[in-house]
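Residues per chain are reported as follows:
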Amino acid sequence: MGGMESYLSLLSGVKWEINVDEAASKVYQKGDPEFESNLKKVTTNDTYASKATEVAVVKAHVKMSGNVMGQDINQESDTTFYMARIDGAWKLDASGALS
């Protein structure tokens, strides 16, 4: 086993729990005052940005627990996910692919 498979196998013992705070989360439509500033958190690429019709700002509490290479992991934090509806599909820019 090598490459990506070896890294993914390290995460097989990890449990992720994501609890969305729906009351604190919001979707902005194109034309809303907050739309452009939140869209920039998803992509700064003009081609993708021009196709965006909505931006979601999702507040969540993330918990991670388990064991990786004999080390116990138990972490949690509050975070915000930014997503945009581009060409009719929701995109989450976690990899930089939309930059």
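In every chain, residue numbers begin from 1 and rise along the written sequence. A pLDDT threshold of at least 70 governs which residues receive local features in this predicted model, and a stricter bar of 80 or more applies before side-chain atom pairs are shown or counted, although totals over entire chains, interfaces and linings include all residues. Values reported for side chains reflect all heavy atoms of the structure, with hydrogen atoms and water molecules removed beforehand.

**Student:** Break down the nonpolar core for me, with residues and values.
**Tutor:** Residue types Ala, Val, Leu, Ile, Met, Phe, Trp, Tyr and Cys, when buried and joined through side-chain atoms within 4.5 Å, form a set referred to as a nonpolar core. Only protein chains enter the accessibility calculation, which uses a 1.4 Å probe; a residue whose area is less than 20% of its type maximum is buried, one above 50% is exposed, and one in between is partly exposed. Counting 10 residues, the largest nonpolar core consists of Tyr28, Phe35, Leu39, Val42, Ala49, Ala52, Val55, Val57, Ala84 and Ile86. Mapped by element, the contributors of at least two residues to this core are α2 (35-39), β3 (52-68) and β4 (71-86). Here a helix means four or more residues in a row that DSSP labels H or I, a strand means two or more in a row labelled E, and each is numbered from the N terminus.

**Student:** Account for the confidence of the model for the protein, naming residues and giving values.
**Tutor:** Scored by pLDDT, the protein has a mean of 88; 86% of the residues are at 70 or more. pLDDT measures how confident the predictor is about each residue, on a scale from 0 to 100. When mean pLDDT is compared element by element in the protein, strand β2 (residues 26-29) scores highest at 98, while helix α1 (residues 4-10) scores lowest at 68.

**Student:** Lay out the side chain of Asn38 in plain terms, naming residues and giving numbers.
**Tutor:** Looking at where Asn38 falls in the secondary structure, it is placed in helix α2. A distance of 2.9 Å separates a polar side-chain atom of Asn38 from the backbone oxygen of Glu34. Contacts described as polar in this section are N or O atom pairs within 3.5 Å, which, within protein, must combine one atom able to donate a hydrogen with one able to accept it, while residues neighboring in sequence count only if both atoms come from side chains.

**Student:** Outline a negative patch on the surface, listing residues and values.
**Tutor:** A cluster of acidic residues, Asp21, Glu22, Glu76 and Asp78, forms a negative patch at the surface. Mapping Glu22 onto the fold places it in the loop between β1 (14-20) and β2. Only residues above 30% relative accessible area that lack a salt bridge enter a patch, with like-charged residues linked at up to 9 Å and the nonpolar side chains Val, Leu, Ile, Met, Phe, Trp and Tyr linked at up to 5 Å. Each accessible area value is a Shrake-Rupley result obtained with a 1.4 Å probe; residue values ignore everything except the protein chains displayed when judging cover. Criterion for a salt bridge: a side-chain nitrogen of Lys or Arg within 4 Å of a carboxyl oxygen of Asp or Glu. Under the convention used here, Asp and Glu are negative, Lys and Arg are positive, and both His and the chain ends fall outside the count. Charge placement uses NZ in Lys and CZ in Arg. For Asp and Glu, CG and CD serve respectively.

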